[in-house]
Amino acid sequence: MKLIDALKWRYAAKKMNGEVVPQEKIDYILEAARLAPSSSGLQPYKIFVISNKELQEKIKSVGFDQSQITDASHVLVFASWDGYSLEKIDAVFNRTTAERGIPATAMDEYKNRLWGMYEPLGQEWHANHAAKQAYISFGIALAAAAEQNVDATPMEGFVPAEVDKLLGLNELGLKSTLILTLGYRDEPNDWLVNLKKVRTPENEFITEIK
């Protein structure tokens, strides 16, 4: 399916039918998310892929009882770093230089300049900036799911602190940012499925400056 057609087809499914999404489609969506751009290539987030029904039920209980969480085939939790540190940034740049086959010190000037900018901005700025990077990956995952004819429901409606506890994220230096449920729409029971997709008209949405 072409991307624009896929995006016209997709919507935030309100009811899923419990059908399992083939693993190759899940892998495709996750790879698209992994390949997403991020600021300075840091990828300050991870994705937790949950198909365990007992755990999905627990997430639902802190996700405002949204049925898609348990009716979905898989639940993706995007968890971003709770802050930046020189150690974390070092690890990313060390991997980059190793994979590119260049000296380990080749990116030190850029790395030190980056940390010099980030360090004084504080933990709250760090966490917000990392979360913004997760949103980029999240958006690409949504588009990839549509391309694969997999329904995906984006969710901010959950209690992050409780999801953090369920997944042990605090110990990993992570905070739950977004949830994406993957599955297939239950057309007879989804009130949204046949409603027209409404977006801001192109002439209002886009301003061309030539």
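Look a little higher up for the structure.
On a predicted model such as this, the values are computed, not experimentally measured, just so you know.

Reading the values: the criteria
Residues numbered from 1 in each chain as written. Predicted model: local features only at pLDDT ≥ 70, side-chain atom pairs only at ≥ 80, totals over all residues. Heavy atoms only, no water. Axes fitted to C-alpha atoms, helices over the stretch in contact; angles between N-to-C directions. Helix = DSSP H or I, 4+ residues; strand = E, 2+ residues; numbered from the N terminus. Parallel < 35°, antiparallel > 145°, perpendicular 65-115°, else oblique. Left-handed = near helix turned anticlockwise from the far one by under 90°. Contact = heavy atoms within 4.5 Å. Buried < 20%, exposed > 50% of the residue type's maximum accessible area, 1.4 Å probe, protein only. Pairing = 2+ DSSP bridges. 1 Å grid on protein atoms, 1.4 Å probe; cavity = no way out; pocket = protein on both sides within 12 Å on 5 of 7 lines; lining within 4 Å. Points joined across faces, edges and corners; volume = space filled by probe spheres on them. Nonpolar A, V, L, I, M, F, W, Y, C, P; charged D, E, K, R; others polar.

1. Focus: the packing of helix 2 (residues 23-34) against helix 7 (residues 122-147)
Helix packing for two helices is described by the angle between their axes and how far apart those axes are.
And step 1. With their axes 8 Å apart at the nearest point, helix 2 and helix 7 run at an angle of 150 degrees to one another. Put simply, helix 2 runs roughly antiparallel to helix 7. In the crossing of helix 2 with helix 7, the sense of the turn from one axis to the other is right-handed. Mapping the contact onto sequence places Y28, I29, A32 and A33 in helix 2 and S137, I140, A141, A144, A145 and E147 in helix 7.

2. Section: the pairing of strand 4 (residues 174-183)
And step 1. Among the 10 residues that make up strand 4, 9 are buried, leaving the element largely enclosed by the rest of the structure.
And step 2. Bridge count for strand 2 (residues 74-81) against strand 4 is 8 bridges, and the pairing is antiparallel. Within the sheet, the bridge partner assigned to V77 lies in strand 4 and is I179.
And step 3. Looking at chain direction, strand 3 (residues 151-155) and strand 4 are connected through 5 bridges and run antiparallel. In the sheet register, A152 faces strand 4, and the bridge partner there is L182.

3. Some thoughts on empty space enclosed by the protein
Rolled over the atoms, a probe as big as a water molecule pinpoints where empty space is left.
And step 1. If you walk through the whole model with that rule in mind, you get 1 cavity of 30 Å³ or more.
And step 2. Reported here for the largest cavity is a volume of approximately 40 Å³.
And step 3. Along its surface, the largest cavity is lined by D90, F93, N94, T97, A104, M107, D108 and K111.
And step 4. When contributions to the lining of the largest cavity are tallied by element, the ones reaching two or more residues are helix 5 (86-100) and helix 6 (108-118).
And step 5. If you tally residues by element for the lining of the largest cavity, the top one is helix 5, at 4 residues.
And step 6. Per-class residue counts for the lining of the largest cavity are 3 nonpolar, 2 polar and 3 charged.

4. Some points on unusual backbone geometry
And step 1. Of note, the phi angle at Q43 is positive, near 45 degrees, even though the residue is not glycine.
And step 2. Note on placement: Q43 falls in the loop between helix 2 and strand 1 (45-50).
And step 3. Classification of Q43 by relative accessible area gives partly exposed; the value is 31%.
And step 4. Although it is not a glycine, N149 adopts a positive phi angle of roughly 60 degrees.
And step 5. Note that N149 resides in the loop between helix 7 and strand 3.
And step 6. With a relative accessible area of 33%, N149 lands in the partly exposed category.

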